[in-house]
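Chains, contacts and geometry: an overview
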Amino acid sequence: SVEGIGLCALHVVASAETFREALAPVTIGADKWIDLYRYSSAAACASALRAAGMIQCALVPEAEATIDDLPVNAPVALWAGNERAGLSDEAIAACDTSARLAMHGFSQSFNLSVSVALATYRIAARRREAIGAEGDLATAERARLRARWYALGVKNPRPILARFVSNSTR
């Protein structure tokens, strides 16, 4: 879902093996297009996201604010916990704010994958509208991602990459 929405990074607080193994049967290869950052603690992840200038929001069902109340004048890092335990107290405390998905039926919550997909879709759409563009990646980051896409998506990418690098460095 994250890749399909047009986001290019996923930050995970979990053991690398457990998370990577869980991805394989679910993503059907979409994870190769995402930069995956792994952290051993919520504090380490929060520190990295804060250094990147992101607003950190805990996605929790008991929050008063909804996703539509979040400011999108800066990139938003959405924190979501697993379906059984939810977010840890440490993760919630590391966030700048919290929000919930508006629910209109009798159910109290969506499952994790649906929650993340709905929330990231809405936040990304609001961010794109606010900045008046499809995205806000720096030129160098766009070039790095394009080279990665060529390398991963094209058979014998060397000639294309060589031409791309040559054109980019003129």
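Refer to the structure presented above.
Below: a short report on this structure.

If you tally the helices and strands in the protein, you get seven helices and five strands. Helices and strands in the protein line up, N terminus first, as α-β-α-β-α-β-β-α-β-α-α-α. A total of 170 residues make up the protein; the buried ones form 28% of that total. Taking the intrachain contacts of the protein between residues at least 6 apart in sequence as the baseline, contacts between residues at least 24 apart amount to 67%. Of the roughly 10,900 Å² of accessible surface on the protein, 55% is carried by carbon and sulfur atoms.

Let us look at the pattern of salt bridges. Across all of its chains, the model carries six salt bridges by this definition. Here Asp136 makes a salt bridge to Arg127, at a shortest N to O gap of 2.5 Å. Overall, the relative accessible area of 44% leaves Asp136 in the partly exposed class. By relative accessible area, which is 16% here, Arg127 ends up buried. A salt bridge links Arg144 to Glu141; the shortest N-O distance between them is 2.8 Å. With a gap of three residues between them, Arg144 and Glu141 both fall in helix H6 (residues 139-153), about one helical turn apart. The class for Arg144 is partly exposed, based on a relative accessible area of 35%. Under the relative-accessibility criterion, Glu141 is labelled partly exposed at 25%.

Take the sheet that holds strand S3 (residues 55-59) next. Reading across the sheet, the three strands line up as S4-S3-S5 and stay open at both edges, with parallel pairing between neighbours. Because the sheet does not close on itself, it has two edges, and the strands there are strand S4 (76-79) and strand S5 (97-99). Taken pair by pair, the neighbouring strands of this sheet meet at an average axis angle of 35°, ignoring direction. Where helix H3 (residues 42-51) meets the sheet, its contacts fall on S3 and S4, and the angle it forms with S4 comes to roughly 165°. Together, S3 and S4 form the strand contacts of helix H5 (residues 112-131), whose direction differs from that of S4 by roughly 165°.

Attention shifts here to the side chain of Arg127. With respect to the element layout, Arg127 can be found in helix H5. There is a polar contact of 2.9 Å between the side chain of Arg127 and the backbone oxygen of Val72. With sequence-adjacent residues up to four places away left out, Arg127 is seen in contact with Val72, Asn73, Ala74, Pro75 and Asp136.

Analysis parameters
Residues numbered from 1 in each chain as written. Predicted model: local features only at pLDDT ≥ 70, side-chain atom pairs only at ≥ 80, totals over all residues. Heavy atoms only, no water. Helix = DSSP H or I, 4+ residues; strand = E, 2+ residues; numbered from the N terminus. Buried < 20%, exposed > 50% of the residue type's maximum accessible area, 1.4 Å probe, protein only. Contact = heavy atoms within 4.5 Å. Areas by Shrake-Rupley, 256 points an atom, 1.4 Å probe, with all protein chains shown as cover. Salt bridge = Lys/Arg side-chain N within 4 Å of Asp/Glu carboxyl O. Pairing = 2+ DSSP bridges. Axes fitted to C-alpha atoms, helices over the stretch in contact; angles between N-to-C directions. Polar contact = N/O pair within 3.5 Å; in protein donor to acceptor, adjacent residues only side chain to side chain.

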